[in-house]
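# Per-entry structural report
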Amino acid sequence: MLTILFDGIAYGMLLFVLSVGLCVTLGLMNFINLAHGAFAMAGGYLTVVMMNWYGISFYWCLPAAFIVSAVLGVVLERTLYSRLYDKTHLDQVLFSIGLIFIATAAVDYVMGASQQIINLPAELNGRFEFLGASIGVYRLFVIIICGLLTVLLQYVIGRTRFGSRLRASVDDRRVARGLGIDVTGIFALTFAVGSGLAGLGGALGASILSMDPTFPLKYMIYFLIVISVGGTTTITGPFFASILLGIADVAGKYFVPSIGGFIIYSIMVLVLIFKPEGLFTRSTRR
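Throughout what follows, the structure given in this document is the object of discussion. What you see is a predicted model; the values in this text were computed from it and never measured.

Conventions used here
- Residues numbered from 1 in each chain as written.
- Predicted model: local features only at pLDDT ≥ 70, side-chain atom pairs only at ≥ 80, totals over all residues.
- Heavy atoms only, no water.
- Patch = residues over 30% accessible without salt bridge, like charges linked within 9 Å, V, L, I, M, F, W, Y side chains within 5 Å.
- Areas by Shrake-Rupley, 256 points an atom, 1.4 Å probe, with all protein chains shown as cover.
- Salt bridge = Lys/Arg side-chain N within 4 Å of Asp/Glu carboxyl O.
- Helix = DSSP H or I, 4+ residues; strand = E, 2+ residues; numbered from the N terminus.
- Axes fitted to C-alpha atoms, helices over the stretch in contact; angles between N-to-C directions.
- Parallel < 35°, antiparallel > 145°, perpendicular 65-115°, else oblique.
- Left-handed = near helix turned anticlockwise from the far one by under 90°.
- Contact = heavy atoms within 4.5 Å.
- Nonpolar A, V, L, I, M, F, W, Y, C, P; charged D, E, K, R; others polar.
- Buried < 20%, exposed > 50% of the residue type's maximum accessible area, 1.4 Å probe, protein only.
- Pairing = 2+ DSSP bridges.
- 1 Å grid on protein atoms, 1.4 Å probe; cavity = no way out; pocket = protein on both sides within 12 Å on 5 of 7 lines; lining within 4 Å.
- Points joined across faces, edges and corners; volume = space filled by probe spheres on them.
- Core = buried A, V, L, I, M, F, W, Y, C linked by side-chain atoms within 4.5 Å.

This part takes up a nonpolar patch on the surface. Where nonpolar side chains cluster on the molecular surface, the patch consists of Leu2, Leu5, Phe128, Phe130, Leu131, Leu140, Ile144 and Leu148 and spans about 770 Å² of accessible area. A total of 3 residues in the nonpolar patch trace back to one element, the largest contributor, which is helix α5 (residues 137-159). Among the structural elements, Phe128 can be located in strand β1 (residues 127-130).

Here it is as structure tokens:
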């Protein structure tokens, strides 16, 4: 039980880092970016290329995946996404789904359709016993990295001037500009950080998740489930939702493998029925 709980927490933390960028763009920027998984795929494939083609250390691949995905996010935000901020959600959904198919076709053409595999450093392989639980070294590494990122992100959004300016820009762009806030720059930086976190999550998950050209489509539903269960008004909501869904998914696939994959979908349906705004949504007053 402890081993399943630990593996579920590790999977949930990874799921949070992968989906938190979408939580930010949807919850704080009010933009539906279903192509968020394409940035995660970019980070995963960059890790594959750097390690398997050029023999670069896995530890260097992590910051590289964040930086490259963030730069890619800035470029697309300035050239494409910014044109749809004032469009309807249907336009945003259709546009981002189109980007998914473009990214999938491009990766399939360059890298092929087969699943990519990386070899982790020797020190991250193996398991050890702790309180009767079998702890995977790499999963412990993922928990530590994702936990630090969660604390840092929560602090930046909730405790810094940048976070307050971001919230002001989302609430009323015209007033924010009148107060001297660089709304364009804040949105670009926010989108870059969200894309970079997705790329970092893709790099961390390259050895756990199946990295192939269909990655954005396969895991898009997981990102949406995290948002549906956790809500979009806080960062802690999606965090706890990711942990809950990670444990439920791992435990379900272990104890009832025939239906284990449907457990998280059942949780999402129940949440949408009884609390459609999300389990951890913070109430707002007007």
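Moving on, there is more to tell.
Running from N to C, helix α2 (residues 36-53) and helix α3 (residues 58-79) point in directions that differ by 140°, and their axes come no closer than 9 Å. Judged on the interaxial angle alone, α3 and α2 are oblique. Our pair here, α2 against α3, has a crossing hand that is right-handed. Of α3, the residues touching α2 (which contributes Phe39, Ala42, Gly43, Leu46, Thr47, Met50 and Met51) are Phe58, Trp60, Cys61, Ala64, Ala65, Val68, Ser69, Leu72, Gly73 and Leu76. Considering only residue class, the contact of α2 with α3 consists of 13 nonpolar, 4 polar and no charged.

The next point concerns the pairing of strand β2 (residues 133-136). Residue alternation in β2 divides its side chains into two sets, Ala133 and Ile135 and Ser134 and Gly136, and both sets are buried. Direction of pairing for β1 relative to β2: antiparallel, over a ladder of 4 bridges. The partner of Glu129 across the bridge, within β2, is Ser134. In textbook terms, the turn of a hairpin is the stretch between consecutive antiparallel strands, and for β1 and β2 this stretch comprises 2 residues, one of which, Leu131, has a positive phi near 55°.

Let us now look at the layout of surface pockets. Volume-wise, the second largest pocket comes out at about 390 Å³. What lines the second largest pocket is a set of 19 residues, among which Met41, Ala42, Leu72, Ala103 and Val107 lie closest to the centre. Within the residue set of the lining of the second largest pocket, elements represented by two or more residues are α2, α3 and α4 (89-111). The element contributing the most residues to the lining of the second largest pocket is α4, with 8 residues. Its residues placed into classes, the lining of the second largest pocket shows 19 nonpolar, no polar and no charged.

We now examine the nonpolar core. Formed by 87 residues in total, the largest nonpolar core has its most connected members in Phe58, Tyr138, Leu204 and Phe215. Looking at this core, the element that brings in the most residues is helix α1 (residues 2-27), giving 13 residues. Apart from the residues within four sequence positions on either side, Phe215 is in contact with Leu18, Gly37, Ala40, Met41, Leu209 and Ser210.

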